2 protein chains.
Amino acid sequence: MGEIRKEPFAHLLRKKERIIRVAAQGEPADLVLKNADYLNVFTNRLCHADIAVAEGVIVGIGCYTGRQELDCTGLTVLPGFIDGHIHLESALVSPAEFARAVVPHGTTTIVADPHEIANVMGCDGIQYILEATKGLPLSVRVMLPSCVPATPLDESGAELDYAAIEPFYAHPRVQGLAEMMDFVGVVQAAHAPLEKLTAAALHQKRVDGHAPGLSDGALCAYIAAGVSSDHECTNREEALRKLELGQCIMIREGTAAHNLEALVSLLSPQYDGRCILCTDDKHPNDLLHKGHIDYILRQAVALGADPICAVKAASFHAAQHFGLEDEGAIAPGYRANLVLVEDLKEFAVQKVYRDGVLTAENGKALPFPLPEISPTLIRRSHDTFRVGALTAESFVLTEPRPLIGMLKGEIITEDLGLAHGIEPQSDILKIAVVERHHNTGHIGIGYLKGYGLKAGAVATSISHDSHNIIVVGTNEQDMADAVNRVTALRGGIVVLSGGKSLAEVPLAVAGIMSEETLEQVNDRLEAAKALAFRLGVTPGVDPFMTLSFMALPVIPALRITTQGVFDVTKQQYWKKT
Amino acid sequence: MGEIRKEPFAHLLRKKERIIRVAAQGEPADLVLKNADYLNVFTNRLCHADIAVAEGVIVGIGCYTGRQELDCTGLTVLPGFIDGHIHLESALVSPAEFARAVVPHGTTTIVADPHEIANVMGCDGIQYILEATKGLPLSVRVMLPSCVPATPLDESGAELDYAAIEPFYAHPRVQGLAEMMDFVGVVQAAHAPLEKLTAAALHQKRVDGHAPGLSDGALCAYIAAGVSSDHECTNREEALRKLELGQCIMIREGTAAHNLEALVSLLSPQYDGRCILCTDDKHPNDLLHKGHIDYILRQAVALGADPICAVKAASFHAAQHFGLEDEGAIAPGYRANLVLVEDLKEFAVQKVYRDGVLTAENGKALPFPLPEISPTLIRRSHDTFRVGALTAESFVLTEPRPLIGMLKGEIITEDLGLAHGIEPQSDILKIAVVERHHNTGHIGIGYLKGYGLKAGAVATSISHDSHNIIVVGTNEQDMADAVNRVTALRGGIVVLSGGKSLAEVPLAVAGIMSEETLEQVNDRLEAAKALAFRLGVTPGVDPFMTLSFMALPVIPALRITTQGVFDVTKQQYWKKT
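Conventions used here
Residues numbered from 1 in each chain as written. Chains lettered and ligands numbered in written order. Predicted model: local features only at pLDDT ≥ 70, side-chain atom pairs only at ≥ 80, totals over all residues. Heavy atoms only, no water. Helix = DSSP H or I, 4+ residues; strand = E, 2+ residues; numbered from the N terminus. Buried < 20%, exposed > 50% of the residue type's maximum accessible area, 1.4 Å probe, protein only. Contact = heavy atoms within 4.5 Å. Salt bridge = Lys/Arg side-chain N within 4 Å of Asp/Glu carboxyl O. Pairing = 2+ DSSP bridges. Axes fitted to C-alpha atoms, helices over the stretch in contact; angles between N-to-C directions. Right-handed = clockwise from strand over helix to strand, strands pointing away. Buried area = accessible area lost by both parts, 1.4 Å probe. Polar contact = N/O pair within 3.5 Å; in protein donor to acceptor, adjacent residues only side chain to side chain. pLDDT = per-residue confidence, 0-100. Disulfide = S-S within 2.5 Å. Least-squares fit on C-alpha atoms with pLDDT ≥ 70 in both. Lys, Arg positive; Asp, Glu negative; His and termini not counted.

Student: I'd love a proper account of the environment of Phe385 of chain B, names of residues and values included.
Tutor: Residue and element names in this part refer to chain B. Tracing the backbone shows Phe385 in the loop between α15 (375–381) and β18 (401–406). What makes Phe385 buried here is its relative accessible area of 10%. Put simply, Phe385 and Leu489 are 104 residues apart on the chain and 9.6 Å apart in space, counted from C-alpha to C-alpha. For Phe385, the residues in contact, after removing those within four places along its chain, are Arg436, Ser461, Ile469, Val486, Thr487, Arg490, Gly491 and Gly511.

Structure (structure tokens):
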């Protein structure tokens, strides 16, 4: 399960020799899935045969014997599922924990964009993810973050231009340039994004897109510049237009965004060849209780999708898009990434094989060795806070500031004019973002309505996309204490009241990921959420996720950044007039 | 139209800038095909829009203005046609002449296997084709010959192992390893073919296949070894089995082989995604009078194929198979390789654009500069004969030899026992192959029935696959004179009687290609054929093509090689018992 492209000649030659001998029935296979009904992505139907595996590769389809044989009667064998676009960090756990969670759901490959950790640690973050995903029972392919910082307004931990990420293109698991969020820059032919697109083109690598609502000439320009996919379509018309213009459409169904219902009709023979499934973000609760790509397949079929088209989008088409030539199909020469499901309706996963090795059965991942990460990188990942101790005075304001209106179930906000002070009884709270990467002392402060907190403060070092510390509170002292506690934890989520930390989710890896198990993190998170709600957070608002988006200065109307309140609609910071 | 992958960063950046400006309607396009009905290979239907081109690339689909505008009302715009597998040399003319012939038929890309010239000149032959195809109005992609010599029995001009062809993988127009004809060797895990497959895999390049009739475990072994296509299917069942096992099926319809009728039903939505069109061989007469890929499309639709599926096989799917990411579709970012046809029935080609430049209209290619070939290579290509002058005695036999029975309309032969001498009245002729690459003095001699010659001799330096000189005659003196004349011409076809050369087709480039125009070569060839028939050649036998196959020691039953008569069925040379 290592880095395949560097296998030396002699080794690959010997491997081919054995593959041929087994395929030609000259010696037994390592594994044979007997009597398998399997999905043939080339003929678009279910076939029945034995599937023989040797050297991690499917070598024969027909009638085979093996050292190990598994009768697959009653099961359907599918190619391993592929998530075409995900930010691993959103699961709040290590990539190994993420793998342990998704492998039992049939996922054998994900295409990850380490955008979050890169915003904290720069190239070290990319390297960290590459090391933390090496040798997992899940193949993790990486797209290089294209927008660090996410916007010129962000004070992130690093700035990555095209030259900074250049060396990573040589890595065998790097597939290209991740979602080019700066579509405005591309369409304006701005230098920085164009340099990145040019470098990717010269490396003959894919560039994924992110351009919600882009259309007409601007869309053509964005695509002609080299952006070959989109995962931001929210309606069929938008998706069809992008598909017609040559983009692969990633149908996204994750924790934060839900586009499956709107786009499920694309999973038909006319269009499925240009569709891929992805989640973008999966949070712990969702991972534990819904599943992963299997969940999307189940939903898609329930919504009327052709099951074969849906599975192809979840495997073959994703592999084709990313140039993973030996993945996504069940045929000689393909990696033995195989998922045994009970049917094509519930997609209940019984067993999962990755490169011919059983990695999960009955909903549980088999134990696997953890990747070894360089000590330097581990140290570096635990040392990403450069911020001094704050006091209540740090958050005191002498003048009014804008009041950001949170809307239930939305991440957009509204502009509610100015507020003059905290009034918890009227749901007017103070919100602040504390720059934490470079000890600049920058603290942007404003007011927030709609969050509902009645006592204490909530702080988190997950705040998109720069992952500074965002804090909301009913008083300045609790705000300062909450931020200081996040800093002391070297990252995390803190719910605090009256100087006492009531619930914590430590996220000591880059301030955005935990070192505990997914179950532990989820338990902590649920406990913290319950406490936040007990302190008054409005039902229907996610106390941490919604908060984390308040710092993202690309979504209207108002956002809070390290420099103060930003008016996204007017594209300017609030200033006293 | 150059070598795109080496464009330096700054140049590509500037190109992207302009592409974006034009796409975003900020400045006029270089060319706009106005009101175009065009095939959208992503949505599988005809769309209507303007197609804007800048910098050789399609930049926008929508409503555009350009410095040059062409009203396409009444025409259908298709992606440029791609021939997935061809031996250029079979056209008997230079690649430039070949381009002049096929470009007006809508072909914008061919994938060539320079197997013939490599059998004469080795790596110099591959290099010759790369140089002779540079900058043509036709994009010539090259697959590296995998079987030189074609069999261990062949005395060819060169032997190419994996190391010999290794340097060519770095060439930007080399797409992989050409048809692996040694399927027996692959299935037996023989070292030499496996080394070649291993090298191709390490370079992440395609390997095309050639395995007529292979099935079951042997077929799985061949595919698992890395062979990803086949162009030798002669019936639907064979094609479907190979397709089901993951191979792309190249539906071949050329001069020598005609598989379209048997396979046309694959050009349907269920299977077309795995189909490609190819010709394998196109001879001058065929090129002049039938066309190229447009001819296959016309025939396919007449035979009931879905026109959209057929065109996709002729463009998008071929591009995808060979990793030509920016070819085969009409969408932003794709090369402006465009064919304007009158309809999807006759496929009458009106205009052809390659990288946005008009290359042909009304059936005629526009003039283009000829590629510059290194003087050394030109000299080398004109100096491939190493054979001394022969005399009648060279062909005298003192003992009986096998009589090879030619079958009308077939290239297989039958074993007719022994003959004791030439008897033209009974159609028993003498046939010989004269080794001509290394001056070994090897001359293999036997007898031939079915050819029909009543006087003189016919000799040609096209003899598969080693291109030694094959000669058939009614007397030894004319045989010697004909061979000597071929040698004097440094290659060609000679029809001679009574010591007088009656008709000649000089083929001075490697002994297999002419330096004249396609029309001139065709005229000479037709004249020579007429003469051969006048000398008695059996009607229905192609006097030169059928003869050239008599030396190919892989087709049953008997063949003539430089070492004598070979029994393909028994896999042994004939020896006096």
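Student: An account of the pattern of salt bridges is needed here, citing residue identities and associated values.
Tutor: Inspection of every chain in the model, using the stated rule, returns 61 salt bridges over all chains. The partner of Arg298 of chain B in a salt bridge is Asp294 of chain B, and the shortest N-O contact between them spans 3.8 Å. Here Arg298 of chain B and its partner Asp294 of chain B are both found in helix α12 (residues 293–302), four residues apart, which amounts to about one turn of the helix. Looking at Asp294 of chain B, the relative accessible area reads 3%, which means it is buried. Among the charged side chains, a salt-bridge network with shared partners connects Arg18, Arg21, Glu27, Asp30, Glu55 and Arg67 of chain A.

Student: I'd like a description of the sheet that holds strand β8 (residues 139–144) of chain A, backed by residues and values.
Tutor: Residue and element names in this part refer to chain A. Taking strand neighbours across the sheet as the criterion, the five strands line up as β6-β7-β8-β9-β10 in an open arrangement whose pairing is parallel. Looking at strand neighbours, the two that pair on one side only are β6 (81–86) and β10 (206–209), the edges of this open sheet. On average, adjacent strands in this sheet sit at an angle of 30° to one another, irrespective of strand direction. The sheet contact formed by strand β7 (residues 107–112) and β8 spans four bridges and is parallel. Each bridged residue has a counterpart across the sheet, and for Thr109 the counterpart in β8 is Ser139.

Student: Tell me about the pairing of strand β12 (residues 248–252) of chain A, and please be specific about residues and values.
Tutor: All names here are of chain A. The element β12 is extensively covered by neighbouring structure, given that five of its five residues are classed as buried. Burial of β12 is two-sided: the residues Cys248, Met250 and Arg252 facing one way and the residues Ile249 and Ile251 facing the other way are all buried. In this sheet, β12 lies alongside strand β11 (residues 229–230) in parallel orientation, the contact comprising two bridges. By the bridge assignment for β12, Ser229 is matched with Cys248. The β-α-β motif built from β11, the intervening helix α9 (residues 236–244) and the parallel element β12 has right-handed crossover chirality. When β12 meets strand β13 (residues 275–278), the two strands line up parallel, connected through four bridges. Bridging from a neighbouring strand, Ile249 pairs with Cys275 of β13.

Student: Account for the interface of chain A and chain B, naming residues and giving values.
Tutor: Opposite the 59 residues of chain A that make contact, chain B presents 59 residues. Taken over both partners, the interface formed by chain A and chain B buries close to 4800 Å², and the fraction arising from carbon and sulfur atoms is 64%. Among the residues of chain A in contact with chain B, Phe9, Ile20 and Glu244 of chain A are the three that bury the most area, contributing 14% of the side total. At the junction of chain A with chain B, the criterion picks out four salt bridges. For Glu325 of chain B, the salt bridge is made with Arg206 of chain A, and the minimal N-O distance between the two is 3.1 Å.

Student: Describe the environment of Lys351 of chain A, with residues and values.
Tutor: Residues and elements named next belong to chain A. Looking at the element boundaries, Lys351 is found in strand β15 (residues 349–354). The exposure class assigned to Lys351 is buried, which follows from its relative accessible area of 17%. Once residues within four sequence positions are removed from consideration, Lys351 is found in contact with Leu70, Leu338, Val339, Leu340, Leu358, Ala360 and Glu361. Within polar-contact distance, the side chain of Lys351 engages the side chain of Glu361 at 2.6 Å.

Student: Describe the confidence of the model for chain A, naming the residues involved and giving the relevant values.
Tutor: Residues and elements named next belong to chain A. Mean pLDDT over chain A works out to 96, with 99% of the residues at or above the 70 mark. Under a pLDDT of 50 for its full length, residues 1–5 has, in the predicted model, 19 contacts with residues more than four places off or in other chains. Interface confidence for the predicted complex, given as ipTM, is 0.95, next to a pTM of 0.96.

Student: Tell me about the state of the cysteines, and please be specific about residues and values.
Tutor: As enumerated under the stated definition, the model contains zero disulfides over all chains in all. Cys275 of chain B takes part in no disulfide bond, and the closest cysteine sulfur, belonging to Cys248 of chain B, lies 8.0 Å away.

Student: I'd love a proper account of the relation of the copies chain A and chain B, names of residues and values included.
Tutor: Expressed as a screw operation, the relation of chain A to chain B combines 0.0 Å of axial shift with a rotation of 180°, fitting to an RMSD of 0.1 Å. Both copies are brought into coincidence by an operation consistent with a two-fold rotation axis. When C-alpha positions in chain A are compared against the rotation axis, the closest is assigned to Pro269 of chain A, at 4.0 Å. Of all interface residues in chain A, 100% are interface residues in chain B too; the two copies therefore contact each other through one and the same surface.

Student: Summarise the sheet that holds strand β9 (residues 174–180) of chain B; cite the residues concerned and give the values.
Tutor: Residue and element names in this part refer to chain B. Taking strand neighbours across the sheet as the criterion, the five strands line up as β6-β7-β8-β9-β10 in an open arrangement whose pairing is parallel. Each having just a single partner strand, β6 (81–86) and β10 (206–209) make up the two edges of the open sheet. Averaged over neighbouring strand pairs, the angle between their axes works out to 30° when direction is ignored.

Student: Before we move on, can you summarise unusual backbone geometry with the specific residues and values?
Tutor: Of note, the bond from Pro556 of chain A into Ala557 of chain A is cis; its omega dihedral lies within 30 degrees of zero at -5°. The omega torsion of the bond from His464 of chain B to Asp465 of chain B falls at -15°, within 30 degrees of zero and hence cis. The phi dihedral of Gln25 of chain A falls on the positive side, at around 65°, and the residue is not glycine. Here Gln25 of chain A lies in the loop between α1 (9–23) and β1 (29–40). Taking relative accessible area as the criterion, Gln25 of chain A reaches 44% and is therefore assigned partly exposed. Residues other than glycine seldom take positive phi values, yet Ala189 of chain B does so here, at roughly 55°. With respect to the helices and strands, the residue Ala189 of chain B is situated in the loop between α6 (183–187) and α7 (191–202). By relative accessible area, Ala189 of chain B is classed as buried at 16%.

Student: Can you explain the side chain of Asp113 of chain A? Please cite residues and give values.
Tutor: Relative to the elements of secondary structure, Asp113 of chain A occurs in the loop between β7 and α3 (115–121). The buried charged residue Asp113 of chain A lacks any salt bridge, with Arg252 of chain A as its nearest oppositely charged partner at 11 Å.

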